[in-house]
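# Tertiary structure, described
Here are the chains, one letter per residue:
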Amino acid sequence: MRITVLGTGYLGATHAACMAELGHDVLGVDVDASKVGALSEGKVPFHEPGLPAVLRRNVEAGRLRFTTSYEEAAEFGEVHFIAVGTPQRKGEFAADLKYVNSVVDSLVPHLRGDTVILGKSTVPVGTTDLLRARARGLTGHTVEFAWNPEFLREGHAVVDTLEPDRLVLGVEEGGRAEEVARQVYAPMLARDTPFFVTDTATAELVKVSANAFLATKISFINAVAEVCEAAGADVVALADAIGVDSRIGRRFLGAGVGFGGGCLPKDIRAFMARSGELGAGHMHGLLREVDAINMGRRTRMVDVARDACGTLLGAKVAVLGCAFKPDSDDVRDSPALNIAGQIQLQGAAVSVYDPEAMDNSRRLFPTLDYATTALEACEGADAVLVLTEWRQFRELAPAAVGAVARGRTLIDGRNCMPRGEWEAAGWTYRT
């Protein structure tokens, strides 16, 4: 099929490249000419394992190209995917739909016939109805909106797109969006990928509900971690024990500094805000507490660092990790960077290192000291904080770190380090 993907950020660039990988002819559209130029040359402007090869292969094969022209997109596409961001509205918890609205305003007036638009962006429930009404005033053609939420994990986005664990599509009655989607995703459906066809409101709620559940699971184990600390219990062993229960599962039961990134924090806040607007007070209250627990973990980590150093004023602290998770260079709402910034504001010299996220970190926190290796970051440190669970940090030799650090305190903000090895080497291990 001829597919357009409107917006070429993390979601859009991945979706465009992967749809081309399936054999479709794809046109990616973005208002950022520099981004369009880079993608046209086969260059991915962010870190995502496996994506550069898929992008280059399909650009070179002629199945994938990029443009800034919505008029060209309207003429080219048989089906259009909305893949722009929905950030948190400034000064509020609600999602900002300005980019979604802008896509509709830019595309629909150029349409030359009836068309199907599939939304992939994460939006508040009720958005599809608003867009449908918005489009009516922009064209005389029939514009059918359906919602097809994404479930990508950063670091695994290519596999999650090409081999999804499920597909969800919210449609309006009597339309042809389901037929179109079945053509787009025919290779996945041939492998018996579960395909849930619902109304649009349900599809909009599926993604935010999934994120809210995962966020709740993380905040739950972090609340349990506080009880474990007070009682002298081991939260990792506890998580292992309850995680074998098939009703619970071990994933997302990693106690530590909490969640961050460009999805979970803003999505649960938008869901919280929309729940409040709809009068769903229990969900509003639950998500408010989930968010509060999560943010509180960052403050607690600063307190642990202060206690380890005696005072942060004049101390030197090494922070290993800037990205909000490993296998990513995404520092949006990163707990690691937030904690590093708080420690610096309290008077410490903070040296940070991350394998992939250094450039993005410098743009957000230019006053931090950035090292070129993990060991360089640890030179002269009174305490070493591990705040992103990169494999190379887990494999650090305690003796090598001890040879350059001043203090002997390791603060494991992700409960990922081999505690026994560090304690055997004379380090004080804290979480």
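One can find the structure itself at the top, above this paragraph.
Source: prediction; values computed, not measured.

Okay, the packing of aromatic side chains next. Taken as a whole, this structure holds four aromatic pairs when the rule is applied. Consider the rings of phenylalanine 81 and tyrosine 185, whose centres lie 6.5 Å apart with planes at 65°: the pair is edge-to-face. Of the two residues, phenylalanine 81 sits in strand β4 (residues 79–82) while tyrosine 185 sits in the loop between α8 (177–184) and α9 (186–190), which places them 104 residues apart along the sequence. Of note, arginine 65 hangs over the ring of phenylalanine 76, and the distance from its end group to the ring centre comes to 5.4 Å. In this arrangement the basic side chain of arginine 166 is found over the ring face of phenylalanine 151, its NZ or CZ atom lying 3.7 Å from the centre.

Side chains Ala383 and Leu385 of strand β12 (residues 383–386) all project onto a buried face; the interleaved residues Val384 and Val386 project onto the opposite face, where all are buried too. In this sheet, β12 lies alongside strand β9 (residues 316–320) in parallel orientation, the contact comprising four bridges. Paired with valine 319 across the bridge in β12 is leucine 385. With three bridges joining them, β12 and strand β13 (residues 409–412) adopt parallel strand pairing.

A word on the pattern of salt bridges. A full pass over the atoms with the stated rule returns 33 salt bridges. Aspartate 96 serves as the salt-bridge partner of lysine 98, at 4.0 Å between the closest nitrogen and oxygen. When its relative accessible area of 47% is taken as the criterion, lysine 98 is described as partly exposed. A salt bridge links aspartate 245 to arginine 247; the shortest N-O distance between them is 2.6 Å. Residue classification places aspartate 245 among the partly exposed positions, given a relative accessible area of 22%. Salt bridges sharing common partners tie together Arg269, Asp291, Arg298 and Asp333.

For the rest of this paragraph, the subject is the sheet that holds strand β11 (residues 369–370). Strands in a sheet are paired, the pairing made by backbone hydrogen bonds, and the direction either parallel or antiparallel. Spatially, β11-β10-β9-β12-β13-β14 is the arrangement adopted by the six strands of the open sheet, whose pairing is parallel. Looking at strand neighbours, the two that pair on one side only are β11 and β14 (428–430), the edges of this open sheet. Taken strand by strand, helix α13 (residues 281–309) contacts β9, β12, β13 and β14, and its axis lies near 175° from that of β13. Strands in contact with helix α14 (residues 335–345) are β9, β10 (349–353), β11 and β12; relative to β10, the strand with the most contacts, it is inclined by about 160°.

Let's shift gears to the packing of helix α1 (residues 10–21) against helix α3 (residues 51–61). With their axes 9 Å apart at the nearest point, α1 and α3 run at an angle of 55° to one another. When the axes of α1 and α3 are compared, the pair comes out oblique. As for how α1 packs across α3, the hand of that crossing is left-handed. Contacts between α1 and α3 involve Ala13, Thr14, Ala17, Cys18, Ala20 and Glu21 from the former and Leu51, Val54, Leu55, Arg57 and Asn58 from the latter. Here the contact of α1 with α3 is built from residues that sort into seven nonpolar, two polar and two charged.

Here the focus is the state of the cysteines. All told, the structure shown has zero disulfides when counted by the stated rule. Its sulfur unpaired, cysteine 263 is 16 Å from the next cysteine sulfur, which belongs to cysteine 18. A relative accessible area of 30% means that cysteine 263 is categorised as partly exposed. Left without a disulfide partner, cysteine 416 is nearest to the cysteine sulfur of cysteine 378, which lies 13 Å away. Of the residues examined, cysteine 416 reaches a relative accessible area of 18% and is grouped as buried.

All buried positions along α8 are accounted for by Ala177, Val180, Ala181 and Val184. For α8, the angular spread of the buried residues around the axis is 100°, confining them to a single face.

Once that is clear, we can look at the layout of surface pockets. Of the volumes computed, that of the second largest pocket is approximately 1,300 Å³. Lining the second largest pocket are 47 residues, and of these Gly9, Tyr10, Val84, Gly85 and Arg332 lie nearest its centre. Secondary-structure elements contributing two or more residues to the lining of the second largest pocket are α1, α2 (33–40), α5 (98–107), α12 (264–277) and α15 (358–364). In terms of residue count, the dominant contributor to the lining of the second largest pocket is α5 (four residues). Here the residues of the lining of the second largest pocket are counted per class, giving 19 nonpolar, 16 polar and twelve charged.

Across the interface, helix α10 (residues 200–231) lies against α12 with an axial gap of 9 Å and an inter-helix angle of 110°. Between α10 and α12, the crossing angle belongs to the class labelled roughly perpendicular. As for how α10 packs across α12, the hand of that crossing is left-handed. On the side of α10, the interface is formed by Leu205, Lys207, Val208, Ser209, Asn211, Ala212, Ala215 and Ile218, while α12 contributes Leu264, Asp267, Ile268 and Phe271. Tallied by class, the residues present in the contact of α10 with α12 amount to eight nonpolar, two polar and two charged.

Before going further, it helps to examine the side chain of glutamate 48. Among the secondary structure elements, glutamate 48 is positioned in the loop between α2 and α3. The buried charged residue glutamate 48 lacks any salt bridge, with lysine 325 as its nearest oppositely charged partner at 7.6 Å. From its side chain, glutamate 48 meets the backbone nitrogen of glycine 155 in a polar contact 2.9 Å long. In this structure the side chain of glutamate 48 is engaged in a polar contact, spanning 3.1 Å, whose partner is the backbone nitrogen of histidine 156. Sequence-distant contacts of glutamate 48, that is, excluding residues within four places in its chain, are made with Tyr10, Arg153, Glu154, Gly155, His156, Ala157 and Val158.

Rules used throughout
- Position numbers for residues count from 1 along each chain, tracking the sequence in the order it is written.
- Only residues with pLDDT of 70 or above have their local features reported here, since the model is predicted, and side-chain atom pairs are shown and tallied only from 80 upward, although totals for entire chains, interfaces and linings are computed over all residues.
- Each side-chain value is worked out from all heavy atoms of the structure, with water and hydrogens disregarded.
- When two rings of Phe, Tyr or Trp (its six-membered ring) have centres within 6.5 Å they constitute a pair, described as stacked for plane angles under 30 degrees, edge-to-face for angles over 60, and tilted for the intermediate range.
- Labels follow the DSSP assignment, with helices taken as runs of H or I lasting at least four residues and strands as runs of E lasting at least two, numbered in each case from the N terminus.
- Put simply, a charge is over a ring when the Lys NZ or the Arg CZ is close to the ring centre, within 6 Å, and near the line of the ring normal, within 35 degrees.
- With a 1.4 Å probe rolled over the protein chains alone, any residue whose accessible area is under 20% of its type maximum counts as buried; one over 50% counts as exposed, and the rest are partly exposed.
- When DSSP locates at least two bridges between a pair of strands, those strands are taken to pair.
- Each salt bridge in this description consists of a side-chain nitrogen of Lys or Arg and a carboxyl oxygen of Asp or Glu lying within 4 Å of one another.
- When checking whether two residues touch, look at their non-hydrogen atoms; a contact exists if any pair is within 4.5 Å.
- For helices, the axis comes from a line fit to the C-alpha atoms of the stretch in contact; other axes are also lines fit to C-alpha atoms, and the angle between any two N-to-C directions lies between 0 and 180 degrees.
- Each angle receives one of four descriptions, namely roughly parallel if under 35 degrees, roughly antiparallel if over 145, roughly perpendicular if within 65 to 115, and oblique otherwise.
- Crossings are sorted by hand: turned counterclockwise from the far helix by less than a right angle, the near helix makes the crossing left-handed, and turned clockwise it makes it right-handed.
- Side-chain classes follow a simple rule in which Ala, Val, Leu, Ile, Met, Phe, Trp, Tyr, Cys and Pro form the nonpolar group, Asp, Glu, Lys and Arg form the charged group, and the remainder, Gly included, forms the polar group.
- Disulfide assignment relies on a single distance test, namely cysteine sulfur atoms paired within 2.5 Å.
- To be clear, the arc concerns the directions from the helix axis to the C-beta atoms.
- Only protein atoms enter the 1 Å grid used here, on which a cavity is any set of points holding a 1.4 Å probe that cannot leave and a pocket is any open set flanked by protein within 12 Å on both sides along at least five of seven lines; residues with an atom within 4 Å of a point are listed as lining.
- Grid points are joined across faces, edges and corners, and a volume is the space filled by probe spheres set on the points.
- His residues and chain termini do not enter the charge count, which takes Lys and Arg as positive and Asp and Glu as negative.
- Pairs of N or O atoms are called polar contacts if they sit within 3.5 Å, as long as, within protein, a hydrogen donor faces a hydrogen acceptor (for residues adjacent in sequence, only side-chain-to-side-chain pairs).

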